[in-house]
Amino acid sequence: MGAIASIISQYQWKQVIAIYVDDDYGRGGIMALGDALAKRKCKIAYKAKLPPRATNTTVEDILMQVNEMESRVYVIHVNPDSGLGVFSAAKSLGMMSSGYVWIATDWLSAVIDSSIHGNADVMELTQGVLVLRQHVADSNIQKALLSKWNNLTKNRSGYSMRAYDSVWLVAHAVERFLSEGNAISFSADPNLVATKGSSLQLDSLRIFNNGNKLLEKVWSMNFSGVSGPVQFTMDRNLVHPAYDILNIGGTGLRTVGYWSNSSGLSVVAPENLNSSALDSSTNNVQLHSVIWPGQISEKPRGWEFSYHGKPMRIGVPLRTSYKEFVMQDDGPDGVKGFAVDVFKAAISLLPYPVSCNFVLFGDGLKNPSYSDLVQKVSENYFDAAIGDIAIVTNRTRLVDFTQPYIESGLIIVAPAKEVESNAWAFLKPFTFQMWCVLGVIFLFVGAVVWVLEHRTNTEFRGPPRQQIMTVCWFSFSTMFFAHRENTVSALGRFVLLIWLFVVLIINSSYTASLTSLLTVQELTSGIQGLDSLISSSSAIGYQVGSFSRNYLVDELNIPESRLVPLNSPSDYARALELGSGNGGVAAIIDELPYVETFLSKYCKFKTVGQVFTKSGWGFAFPRDSPLAEDLSTAILTLSENGNLQRIHDEWLSGTQCNADNNGDASNSLSLSSFWGLFLICGLACLLALVIFFLRIFCQYSRYSSEVEVQFPEPQIVNRPARLTTIKSLISFVDKKEEEVKNALKKRPNGSRHPSIGDSQHPSMGNTAREEQSTLPT
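Definitions and cut-offs
- Residues numbered from 1 in each chain as written.
- Predicted model: local features only at pLDDT ≥ 70, side-chain atom pairs only at ≥ 80, totals over all residues.
- Heavy atoms only, no water.
- UniProt positions renumbered as here; feature names shortened; annotations may be inferred.
- Helix = DSSP H or I, 4+ residues; strand = E, 2+ residues; numbered from the N terminus.
- Buried < 20%, exposed > 50% of the residue type's maximum accessible area, 1.4 Å probe, protein only.
- Contact = heavy atoms within 4.5 Å.
- Areas by Shrake-Rupley, 256 points an atom, 1.4 Å probe, with all protein chains shown as cover.
- 1 Å grid on protein atoms, 1.4 Å probe; cavity = no way out; pocket = protein on both sides within 12 Å on 5 of 7 lines; lining within 4 Å.
- Points joined across faces, edges and corners; volume = space filled by probe spheres on them.
- Nonpolar A, V, L, I, M, F, W, Y, C, P; charged D, E, K, R; others polar.
- Expected span 1.5 Å × (residues − 1).
- Pairing = 2+ DSSP bridges.
- Axes fitted to C-alpha atoms, helices over the stretch in contact; angles between N-to-C directions.
- Patch = residues over 30% accessible without salt bridge, like charges linked within 9 Å, V, L, I, M, F, W, Y side chains within 5 Å.
- Salt bridge = Lys/Arg side-chain N within 4 Å of Asp/Glu carboxyl O.
- Core = buried A, V, L, I, M, F, W, Y, C linked by side-chain atoms within 4.5 Å.
- pLDDT = per-residue confidence, 0-100.
- Phe/Tyr/Trp six-rings, centres within 6.5 Å; stacked < 30°, edge-to-face > 60°.
- Lys NZ or Arg CZ within 6 Å of the ring centre and 35° of its normal.
- Parallel < 35°, antiparallel > 145°, perpendicular 65-115°, else oblique.
- Left-handed = near helix turned anticlockwise from the far one by under 90°.

If you check an unreviewed UniProt entry, the protein appears there as Glutamate receptor from Urochloa decumbens. What UniProt records for the protein under Function (unreviewed entry) is the sentence "Glutamate-gated receptor that probably acts as non-selective cation channel."

K.L.:
It is not clear to me how the overall build of the protein should be interpreted in this structure. Could you clarify?
P.N.:
Helices and strands together make up the secondary structure of the protein, namely 25 helices and 26 strands. Across the 777 residues of the protein, 44% fall into the buried class. The long-range fraction of contacts in the protein, counting pairs at least 24 apart against all pairs at least 6 apart in sequence, stands at 73%. About 40800 Å² of surface is accessible on the protein, with carbon and sulfur atoms providing 54% of the total.

K.L.:
What am I meant to see in the UniProt feature "transmembrane region" (unreviewed entry) in the protein here?
P.N.:
Mapped onto the present numbering, the UniProt feature "transmembrane region" (unreviewed entry) falls on residues 432-452, 494-512 and 674-694. Within residues 432-452, the helical portion is 100% and the strand portion 0%, while the C-alpha atoms at the span's ends are 31 Å from each other. Secondary structure across residues 494-512 comprises 100% helix and 0% strand; the distance between its end C-alpha atoms is 28 Å.

K.L.:
Is there a simple way to think about the layout of surface pockets in this case?
P.N.:
Over the atoms rolls a probe the size of a water molecule, and its path tells where empty space is left. Taken as a whole, the largest pocket encloses approximately 700 Å³ of empty space. Taken together, 25 residues make up the lining of the largest pocket; nearest its centre are Gln-12, Arg-301, Trp-303, Pro-626 and Glu-629. If you list the elements that add at least two residues to the lining of the largest pocket, you get strand E18 (400-401) and helix H21 (626-641). Take the lining of the largest pocket: its biggest share by element is four residues, from H21. Across the lining of the largest pocket, the residue classes break down as eight nonpolar, seven polar and 10 charged.

K.L.:
So what exactly am I meant to see when it comes to empty space enclosed by the protein here?
P.N.:
Counted under the stated rule, the structure contains two cavities of 30 Å³ or more. When its volume is computed, the largest cavity comes out at roughly 60 Å³. Tyr-370, Asp-388, Gly-545, Ser-546 and Glu-591 are the residues nearest the centre of the largest cavity, which is lined by 13 residues in total. Tallied by class, residues from the lining of the largest cavity come to six nonpolar, three polar and four charged.

K.L.:
Explain helix H15 (residues 464-477) to me, please; I cannot follow it from the model alone.
P.N.:
One turn of the α-helix equals 3.6 residues, which is why residues spaced by three or four share an orientation. Along its 14 residues, H15 runs 20 Å from first to last C-alpha, staying within 8% of the 20 Å computed at 1.5 Å per residue. Those residues of H15 not exposed but buried are Pro-464, Gln-467, Thr-470, Val-471, Phe-474, Ser-475 and Ser-477.

K.L.:
Where do I start with the sheet that holds strand E1 (residues 15-21) in this structure?
P.N.:
By way of backbone hydrogen bonds, the strands of a sheet pair with one another, either parallel or antiparallel. Across the sheet, which stays open at both edges, the eight strands sit in the order E2-E1-E3-E4-E5-E10-E11-E12 with mixed pairing between neighbours. The open sheet has two edge strands with one neighbour each: strand E2 (43-50) and strand E12 (264-266). The average undirected angle you get between the axes of adjacent strands in this sheet is 25 degrees. Along the sheet face, helix H2 (residues 24-39) touches E1, E2 and strand E3 (73-77) and points at about 165 degrees away from the line of E1.

K.L.:
It is not clear to me how a nonpolar patch on the surface should be interpreted in this structure. Could you clarify?
P.N.:
On the surface, a nonpolar cluster with roughly 360 Å² of combined accessible area is contributed by Phe-444, Leu-679, Leu-683 and Leu-686. Considering every element that reaches the nonpolar patch, the biggest residue donor is helix H23 (residues 675-710), with three residues. Relative to the helices and strands, Phe-444 resides in helix H14 (residues 432-453). Residue class for Phe-444 comes out partly exposed when judged on its relative accessible area of 34%.

K.L.:
I tried to follow unusual backbone geometry on my own but got confused; where do I start?
P.N.:
A negative phi holds for most residues other than glycine; trans holds for most peptide bonds. Backbone geometry places Gln-12, a non-glycine residue, at a positive phi of 60 degrees. Its location among the elements puts Gln-12 in the loop between helix H1 (2-10) and E1. According to the relative accessible area criterion, Gln-12 is exposed, its value standing at 61%. The phi dihedral of Asn-380 falls on the positive side, at around 65 degrees, and the residue is not glycine. With relative accessibility at 56%, the residue Asn-380 sits in the exposed group.

K.L.:
What exactly am I supposed to notice about the pattern of salt bridges here?
P.N.:
One pass over the full model with this rule turns up 15 salt bridges. Of the charged contacts, one joins Asp-329 and Lys-336 as a salt bridge, the two residues approaching to 3.8 Å between their closest N and O atoms. We note a salt bridge from Arg-646 to Glu-650, for which the minimum N-O separation is 3.8 Å. Of this pair, Arg-646 and Glu-650 both sit in helix H22 (residues 643-652), four residues apart, which is roughly one turn of that helix. In this structure Arg-646 comes out as partly exposed when scored by relative accessible area, which is 46%. Where salt bridges share partners, they join Asp-22, Asp-24 and Arg-27 into one cluster.

K.L.:
I keep staring at the nonpolar core and nothing clicks. Help me out?
P.N.:
Generally speaking, nonpolar side chains in soluble globular proteins are found buried as a group. In this structure, Phe-343, Tyr-405, Phe-598 and Phe-621 are the most contacted members of the largest nonpolar core, which totals 83 residues. Residues contacting Phe-598, with those up to four places away along its chain left out, are Tyr-322, Val-413, Pro-569, Tyr-572, Ala-573, Leu-576 and Phe-605. Ranked by size, the runner-up nonpolar core spans 30 residues in total, among them Leu-50, Ile-76, Val-78 and Phe-87.

K.L.:
Before we go on, may I ask you to explain the environment of Gly-128 in this structure?
P.N.:
Looking at the element boundaries, Gly-128 is found in the loop between helix H6 (119-125) and strand E5 (130-134). Taking C-alpha positions, Gly-128 is 7.8 Å from Val-290, a pair spaced 162 residues apart along the chain. With residues up to four places along the chain from it excluded, the contact list for Gly-128 reads Asn-247, Ile-248, Ile-291, Trp-292 and Pro-293.

K.L.:
Is there a simple way to explain helix H5 (residues 107-114) in this structure?
P.N.:
H5 sits mainly inside the fold: seven of its eight residues count as buried. Burial in H5 covers these residues: Trp-107, Leu-108, Ser-109, Ala-110, Val-111, Ile-112 and Asp-113.

K.L.:
Please clarify how the pairing of strand E11 (residues 252-260) should be interpreted in this entry.
P.N.:
On a regular strand, one side chain projects to one face of the sheet and the next to the other, so that they alternate. Bridge count between strand E10 (residues 242-249) and E11: eight bridges; the pairing is antiparallel. Bridge pairing in E11 links Leu-246 to Thr-255. Hairpin connection from E10 to E11: two residues lie between these consecutive antiparallel strands, with Gly-250 at a positive phi of about 70 degrees. As paired elements, E11 and E12 share three bridges and run antiparallel to each other.

K.L.:
Can you walk me through the confidence of the model for the protein in this structure?
P.N.:
Close inspection of predicted coordinates is inappropriate in any region flagged by low pLDDT. When pLDDT is averaged along the protein, the result is 80, and 80% of the positions lie at 70 or above. Here residues 749-777 is modelled with pLDDT under 50, and outside its nearest four sequence neighbours on either side it reaches 44 contacts, counting other chains as well.

K.L.:
Hey, could you run me through the packing of aromatic side chains in this one?
P.N.:
Each aromatic ring pair is summarised here by two numbers: the centre-to-centre distance and the angle between the ring planes. Applying the stated criterion across every chain yields a total of 27 aromatic pairs. Following the ring pairs from residue to residue traces out a cluster consisting of Tyr-322, Phe-325, Tyr-572, Tyr-594, Phe-598, Tyr-602, Phe-605 and Trp-617. If you follow Arg-301 out to its NZ or CZ, it ends over the ring of Trp-303, 5.1 Å from the centre. Across from the ring centre of Tyr-381, 5.0 Å away, lies the NZ or CZ of Arg-313, which sits over that ring.

K.L.:
Would you mind going over the environment of Val-374 with me for this structure?
P.N.:
Inspection of the secondary structure puts Val-374 in helix H12 (residues 370-378). The exposure class assigned to Val-374 is buried, which follows from its relative accessible area of 1%. Placed 247 residues apart in sequence, Val-374 and Phe-621 show a C-alpha to C-alpha distance of 8.6 Å. With residues up to four places along the chain from it excluded, the contact list for Val-374 reads Ile-389, Arg-395, Leu-398, Val-399 and Phe-401.

K.L.:
What am I meant to see in the packing of H1 against H2 here?
P.N.:
Close contact between H1 and H2 brings their axes to 8 Å; oriented N to C, the two are set at 40 degrees. Relative to H2, the element H1 lies oblique. Every pair of crossing elements has a handedness; the one defined by H1 and H2 is right-handed. Judged by residue contacts, Gly-2, Ile-4, Ala-5 and Ile-8 of H1 engage Leu-33, Ala-36 and Leu-37 from H2. Among the residues making up the contact of H1 with H2, the classes are represented as six nonpolar, one polar and no charged.

Structure follows, in C-alpha cells:
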C-alpha cells in the first residue's frame, strides 16, 4: 500500500475510491492504504466493499454506485478468484474507457503469471490497468533454478520464487534448531476435542513442541535465495520489499517503474540503485509513460462531475447594498454583478462543461451572513458559493477557497472636510520661525558673497548705497535663480554653489507643501489611525453580514456596545455625518472594495491609515473539491490575459468623484526639517570667510612692511575720527583696499624697492599721494 500511495502522489491525485473484499485480507489492506495516503495528504473518498463470493449483479450494483461519485481513481484489492469479475463488470458499464484510472494490488499479477490458458481474455479485460508485482532480482541462483524448472512448470512469478525460498527458509531453520540440541516431538492439544457426529477426529491432531523456538529461528534467518535476500525486520517484514510497477497493454505487461521502501519510485531496478543513480536525471523521471484505459497517454485528471446532467447548486448572497458585486436579476441566471461575471468567465475556461444553478441566499431585507453561507457549503447544502466572500481563517477550516479574484482587507473610513484657501494661504507651507530664519540666512549669504567678491569683482563695488542694494538684490534673487551678478573668485563660487543647492531644496519643499495644503482634506473626527480608534470610546460602524464585526470583537477586543451595524452606503454617510455623540459613528471599519465604492460616491469622507488585514475574495467549495483548484488556475488566466481587469472596470469604475484621498493632513514645514541644510551652508560660508581673511591678513602684512620701508618716520595720517555709519565704513574699506591693491601692483620684479610715488608710474604715485592722508600712522 505504500507503493500505491507513492503512485497516487506521483500523479497528484488527491482522492481515490477503494474497492475491496470484505474480509480480514481486504479490510487490513485498505486500512493500511488509508494510513499511507494520509502521509501524502491524500485520502480514500469512498470504500466500496464486496462481500465474499459476490455475484455479478452485486458487483455491478456497487460499481454503478461508485461511478456516480467524483473520483475516477480506483484501487482494487480483492482475491484472485473474484477479481476478474470486477473488471468484467466495469467493462460492461463503460468504466474501462478514457478518464478512468485502475490500480490493482499484486493479486492481479499473480493471476496473470499463473494463467496458462485464457491469457488473452485476462488482458482484454484489464487494458490500461496499473498493477504491482513482487520484484525478483535476476541472479545466477535464479537462472540455475529456472533451467531445471522449465521441465516442470512455466510459472516464473514472484509468488513461486517466494514459495521456493520459503521451503529453504524452513529447512535452514530446522537445521539450526536441531544443531542446538532441540528435539522434534509432538503432543496432544487438550483444547482439541472430538465432536459428536463429526468425522474430522480433531482429537487426533498434535502440536509441535518447542514450536516457538523454531519460529524464532525462522525470523532470524538471513540468506540469499532465488527471490533475493531473505531477511526480516523486527516487525517481521522483509528488510527491503520492492515491487515492479506494470502497465497492461496489448497482449503483455510493460514495466514502467519500480518501488522499494528505501528508494521510493524509480525507473531503475532497486538492486541497481546507488548514490549516482539516485542523483541522475534519469531517475528523476520516477516512472515511464503509461497507456491508460481508452488507449490514451495523457495523464487522466482523476475526477469528473458526478451530477450527470444535474446542475450544481451555487449559493449566491442576496445583497441589499453594494449591488455592483452581486445582485438579483430577471435574466435566465437570476443573478448578475462583478463576482458573477468573474465566476462565469472562469468556468468558461475549464476544459470540461459545468452546469450551474444559482440559488439566492438571504431574506432580501438585510445583507445575509456570509459565515452562514459558507457553513451551508460545508454541509453540502450548496455545491459551491460565489460572491464577495472574504477568505478568512475560520472559513478556511470549513471549505476550500479558490485563488482570490480581488484584493481585500479592513480599512477605516472617517469624516473629512476640504481645506479652505484664503489670501494668506501661500504662507502656510512654512512656520513663522522658518520664514524668519530664511530671511536672515538669505541676507547672511548675500553679505558673505559680497565680502568674498568685493575686492576683485567690479559688480560688487560702487557707492555704498549701490553696494547695499546689490547685496539685498543678490540675496533674494537667488531664490528664483535670477541673480545677474557674476562671481569671479573661487571662494565666492564655492559658497554660491552650496547656497543654490539649499535654495533648490527649499523651493521644492515649498511647492510640494503648498500643493498638498490646497488639495488634501483634513480629518474632523480626530481619528488618526487604528490605535487612536481603539483607545477612544467612540462608536464604530460595520457592515451587516461582514466578518469585520467578529474581527473587531475577537481580535481587537472592542466592546460590542461600541459597534453599530450599518447596511447601505447611505447609512454609512448618515452615521458619519451625525458623529459618535449624536447617534452616529466616529468611523467605519469595512473591507477595501466596499470602501472604494463608497468613497467614489461620497467625496467628503476619506480613509485613515493603511489596510490592517490582508485577505481577498474567493469562491467557496467543499473540502478537497478538485473544481476549486481548476477554477484557481482559470482565475489566474483571467488575470494574466487582462479579462479580470476588464470585468472590474465594467462594474466598479463608474466614479462620481476622486476616491483617492488617502493620506494624512499636511502640516507646515518647520525649521527642524531644514536645519541640516542650513548647517552645511553656514559652515561653507564660515570656511570661505576664514580663508578670505587669512589671505587679506597676509596681504596687509606685506603692505605694512613696504610702508615702513618707504616712510620710516612717523607720518601724520588724516582719517575719519569715527566710523559711525555703514556708508563711512564702506568708504574706508574701499580706500584701504585700493591702497593695498596699488601697492602690491608696484612691487618690483627685482631687489629694488621703489617708492609708492615712483615717477615711473605717475598715475599710481599720484593716487598713492592723494590717499596718503588716510594711511595709518
